[in-house]
Amino acid sequence: VPGLGRVTEISQIGDAFGRMLGDLRSSTDRLEDLVFKLSTLNEVVELASRIPQLQDLLSLVLERTMRTVRATIGSIMLLDHDRQVLRVVAARGLPEAIVGTAEVAVGEGVAGKVVQLGEPILVEDISADPRFAKPSDPKYGSGAFMCLPVRVEDRIIGVVNLAKSAAAAPSPAFSPTDLQFLNTLMTHIAYAVDNARLLQEAQLSTNRLRRAMEDLRTTQTRVVEGETLRAVGQMASGMAHHVNNLLAVISGRTQLLLARITQPEIRRPLEVVQRATFDAAEVVRRVLGFTALQPAAGAVAIDLNEVVREVVELTRPRWRDEAQMRALAIDVSLELGDVPRVAGEASALREVTMNLLFNAIDALKQGGAIRISSWAADNWVYCAVADNGVGMTDDVRRRAFEPFFTTKGPQGTGLGLSVAHTIVQRYGGELSLRPNDGGGTVVTLRLPQAAPGTLGAEAIETPAGPPLRVLVIDDEVTVREALADSLTEEGHTVVQAGSGREGLARLADGAAVDVVVTDLGMPEMTGWD
């Protein structure tokens, strides 16, 4: 047929041209893909240099990597060199709970083999590979899978896992270009990831160091407080003997006056002095045992309202007379309800109430009012001391019961509220602070009601015995004379001695006595000797 050869030639040329167009289109697609990958590589490398937080960097790398190779599921695992396990630190398409919990040992599974061998692994079909059958491994669905090492020089710090579902478009498999791109990306990213990890570990170490320093500082504070308590105890121990001697003289002479005076207007102040002396002796005893919290002993049924009235009377020189000398007006009012008795010790509760009242007085820099109220509710007895003074900040209220914490400067010891809090706790009660409406502070004391059958605090009269012959031995003349005068007032015959040796000499000379009353701490020979 004429012209047939020419048509065949043209057809062949058209086929060749079509193949050339297909190759060009394929090359164009590959070029676009390469440009996209290079753009992503440049973007990730640039961002990695500006993101110091490890978790943020890992999330960024994983998201950009998956988007570039069109992966549907991915994860990044970092190597714990000490335990030789890989742990998931970032994931997309996997359950959130898997991050930080899923682990793969080096040498096990695909990821473990990649770390062990140092080479990437490609899997065409996850469902057909037995290495994905372990129940504890992350589940990457079905389809193609690729695992690449993240390497810093000759050191592997982790792996990147990428999976592509069988229905992924345009291709369900990973291409050699994908592998080449990811190797290049991991080479650039590995250093940034390792630097971020080291920075995070350094921050953790810094935080641990900071916590250790804080713990050390707290420990040092406790040691200082303990040494201060010990010093207070040593000082109190050294002074207790002398203070108690002075109190014994005051108490003895006061008792003698009470025995001789009948006028009520004179006896009342003397009784207040006598009670304050007993309380002072109790305070000395309690300071000696301040560092050891001991259960309350000898608790009796106490009228808390009566304690409040006594404290107001005892402190009258402070809140009225002294305040008036400073041109201040302080009004103390009582709103005492009908309350049942509480279990405690009168001297200890007087100390607590007096401390609260003194604190309220100190808060009234320009004068003001103090209201003391009491009420009962739900088997508890409450006593509140409210002032309208300068008040406390939230931080001061939080720390008010700490030993040695004070806002009063050098003149404050920081033991007042701490001791009061300890005393109240010993009797099963609570001490609380809150702001007063309109300014100032309200301190509330809460104590359980005394159980039925608890003995009252009233002194029990005992019948006077026959006159005795008493040998009194004490190196403190004033104490010895006060005690001798008190015994003589009771009708006893008293022989005095200024030391242990003098007392023995009295007995050796034939002094017949029924009882010896001796000081225990004396020079040369103690009372026990």
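Before reading on, note that the structure itself is shown above.
Read on for an overview of the structure. (Residues numbered from 1 in each chain as written. Predicted model: local features only at pLDDT ≥ 70, side-chain atom pairs only at ≥ 80, totals over all residues. Heavy atoms only, no water.)

**Topic: the overall build of the chain**
Looking only at helices and strands, the chain has twelve helices and 16 strands in total. Across the 529 residues in the chain, those meeting the buried criterion constitute 37%. When contacts within the chain are restricted to residue pairs at least 6 apart in sequence, long-range pairs at least 24 apart make up 63% of them. (Helix = DSSP H or I, 4+ residues; strand = E, 2+ residues; numbered from the N terminus. Buried < 20%, exposed > 50% of the residue type's maximum accessible area, 1.4 Å probe, protein only. Contact = heavy atoms within 4.5 Å.)

**Things to note about the sheet that holds strand S8 (residues 330-336)**
Spatial ordering of the open sheet is given by S8-S10-S11-S13-S12, a layout of five strands whose pairing is mixed. Lying at the two open borders of the sheet, with one neighbouring strand each, are S8 and strand S12 (430-435). When strand polarity is set aside, the average angle formed by the axes of neighbouring strands in this sheet is 15°. Relative to strand S13 (residues 441-448), strand S11 (residues 380-387) is paired through seven bridges, and the arrangement is antiparallel. Looking at S13, one finds that Tyr 382 is bridged to Arg 446. (Pairing = 2+ DSSP bridges. Axes fitted to C-alpha atoms, helices over the stretch in contact; angles between N-to-C directions.)

**A short note on the sheet that holds strand S14 (residues 469-473)**
Spatially, three strands are ordered S15-S14-S16 in an open sheet, and the strand pairing comes out parallel. Pairing within the sheet leaves two strands with one partner each, and these edge strands are strand S15 (493-497) and strand S16 (515-518). Between one strand axis and the next, the sheet turns by 20° as a mean value, whatever way the strands run. As paired elements, S14 and S16 share four bridges and run parallel to each other. Bridged to Leu 471 within S16 is Val 516. Set on the sheet, helix H11 (residues 477-489) makes contact with S14, S15 and S16; between it and S15 the angle comes to about 170°.

**Some points on the environment of Ser 374**
By the secondary structure assignment, Ser 374 is in strand S10 (residues 368-377). Beyond its immediate sequence surroundings of up to four residues, Ser 374 is in contact with Asn 305, Glu 335, Leu 336, Gly 337, Val 339, Tyr 382 and Cys 383.

**Looking at the nonpolar core**
In terms of nonpolar packing, the biggest core is built from 38 residues, with Ile 330, Ile 370, Ile 372 and Leu 431 touching the most fellow members. For this core, the element with the highest residue contribution is helix H8 (residues 346-363), accounting for seven residues. Filtering out sequence-adjacent residues up to four positions away, Ile 330 remains in contact with Trp 319, Ala 323, Ile 361, Leu 364, Gly 367, Gly 368 and Ile 370. Judged by nonpolar contacts, the second largest core, of 28 residues, contains Val 61, Met 146, Val 160 and Leu 182. (Core = buried A, V, L, I, M, F, W, Y, C linked by side-chain atoms within 4.5 Å.)

**Section: unusual backbone geometry**
Despite not being glycine, Gln 84 shows a phi value in the positive range, around 60°. One can find Gln 84 in the loop between strand S1 (73-80) and strand S2 (85-92). For Gln 84, a relative accessible area of 38% puts it in the partly exposed group. At Ala 327, a residue that is not glycine, the phi angle is positive and equals roughly 60°. Within the element layout of this structure, Ala 327 appears in the loop between helix H7 (316-325) and S8. Look at Ala 327 and you get exposed, because its relative accessible area is 70%.

**Thoughts on the packing of aromatic side chains**
Given two aromatic rings, their pairing is described by the distance between the two centres and the angle made by the two planes. Taken as a whole and assessed by the stated rule, the structure comprises one aromatic pair. Between the aromatic rings of Trp 375 and Tyr 382, the centroid separation amounts to 5.3 Å while the plane-to-plane angle is 5°, which identifies the pairing as stacked. Take Tyr 382: its relative accessible area is 17%, and that puts it in the buried class. Sitting over the face of the ring of Phe 358, Arg 318 holds its NZ or CZ atom 4.8 Å from the ring centroid. The aromatic ring of Trp 380 is capped on one face by Arg 446, whose charged end is 3.7 Å from the ring centroid. (Phe/Tyr/Trp six-rings, centres within 6.5 Å; stacked < 30°, edge-to-face > 60°. Lys NZ or Arg CZ within 6 Å of the ring centre and 35° of its normal.)

**Regarding the pattern of salt bridges**
All told, the structure shown has 19 salt bridges when counted by the stated rule. Asp 485 is paired through a salt bridge with Arg 253; the nearest N and O atoms lie 2.6 Å apart. Placement of the pair is Asp 485 in helix H11 and Arg 253 in helix H4 (residues 176-260), with a sequence separation of 232 residues. The class for Asp 485 is partly exposed, based on a relative accessible area of 30%. We classify Arg 253 as partly exposed; its relative accessible area is 31%. Two residues, Arg 318 and Glu 322, come together in a salt bridge whose shortest N-O distance is 3.9 Å. Taken together, the residues span about one helical turn, with Arg 318 and Glu 322 both in helix H7 at a distance of four residues. (Salt bridge = Lys/Arg side-chain N within 4 Å of Asp/Glu carboxyl O.)

**Points about the pairing of S10**
Strand direction decides the pairing type here: S8 and S10, joined by seven bridges, are parallel. Opposite Glu 335, over in S10, you have Ser 373 as the bridge partner. Bridge count for S10 against S11 is eight bridges, and the pairing is antiparallel. Within S11, the residue paired with Arg 371 across the bridge is Ala 386. Once S10 ends, the chain turns through two residues before running back antiparallel as S11, passing Asp 378 with a positive phi of about 55°.

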